[in-house]
Amino acid sequence: MTVTKTAIPEATLLLKLMGDKTRLTMLRLMQRHECCVCEFVDMFEMSQPAISQHLRKLKDVGLIKEEKRGQWHFYSLNESHKDYPFVATILEQLPLEDERIKKLEAQGLRITCGLGE
């Protein structure tokens, strides 16, 4: 894979998006896990509209991709985004957020979202 440098205007936009704690955590989670809106609602204890707004901002710039399965919308990091290497370099400096996923699984909330279907 050819690594291209990220231009300053694009880097500025990405860094602004990643400057929000919730979006940055979401990106780190999506780097390793596919997640549903309802899972983010439970993880962050935020309303579905608030979570959807964060996801929309990330999706609008192409950082994440969405896959609809039945009534569920699953989100993951878009590794084919031209600035993925830049984003991944930043995310790799952060601690894993796997405990959030484990907590959902322990509460039975990961499966009720449609992952087990």
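An account of the accompanying structure is given in this report. (Residues numbered from 1 in each chain as written. Predicted model: local features only at pLDDT ≥ 70, side-chain atom pairs only at ≥ 80, totals over all residues. Heavy atoms only, no water.)

### Thoughts on the overall build of the protein
Per the secondary structure count, the protein includes 7 helices and 3 strands. Overall, the protein shows an N-to-C arrangement of helices and strands of α-α-β-α-α-β-β-α-α-α. Each principal axis of the C-alpha atoms in the protein carries an extent, and together these give about 40 × 30 × 30 Å. For the protein, the residues scored as buried account for 41% of the 117 residues in total. Contacts spanning at least 24 positions in sequence make up 65% of the contacts within the protein whose residues lie at least 6 apart. Total accessible area computed for the protein in this model is approximately 6900 Å², and 54% of it derives from carbon and sulfur atoms. Side-chain charges of the protein comprise 17 positive and 17 negative groups, with the mean position of each set lying 4 Å from the other. (Helix = DSSP H or I, 4+ residues; strand = E, 2+ residues; numbered from the N terminus. Buried < 20%, exposed > 50% of the residue type's maximum accessible area, 1.4 Å probe, protein only. Contact = heavy atoms within 4.5 Å. Areas by Shrake-Rupley, 256 points an atom, 1.4 Å probe, with all protein chains shown as cover. Lys, Arg positive; Asp, Glu negative; His and termini not counted. Charge placed at Lys NZ, Arg CZ, Asp CG, Glu CD.)

### Looking at the packing of helix H2 (residues 21–32) against helix H3 (residues 37–44)
With their axes 12 Å apart at the nearest point, H2 and H3 run at an angle of 125 degrees to one another. When the axes of H2 and H3 are compared, the pair comes out oblique. The two elements H2 and H3 cross, and the hand of that crossing is right-handed. In this structure, H2 contributes Thr 22, Thr 25, Met 26, Leu 29 and Met 30 to the contact, and H3 contributes Phe 40, Met 43 and Phe 44. Taken together, the residues of the contact of H2 with H3 break down into 6 nonpolar, 2 polar and no charged. (Axes fitted to C-alpha atoms, helices over the stretch in contact; angles between N-to-C directions. Parallel < 35°, antiparallel > 145°, perpendicular 65-115°, else oblique. Left-handed = near helix turned anticlockwise from the far one by under 90°. Nonpolar A, V, L, I, M, F, W, Y, C, P; charged D, E, K, R; others polar.)

### Some remarks on the pairing of strand E3 (residues 72–77)
Taking burial as the measure, the 6 residues of E3 include 5 buried ones, the bulk of the element. Relative to E3, strand E1 (residues 35–36) is paired through 2 bridges, and the arrangement is antiparallel. Counted as the bridge partner of Cys 36 is Phe 74 from E3. Taken together, the 6 bridges between strand E2 (residues 64–69) and E3 define a ladder with antiparallel strand orientation. Bridging from a neighbouring strand, Lys 65 pairs with Ser 76 of E3. (Pairing = 2+ DSSP bridges.)

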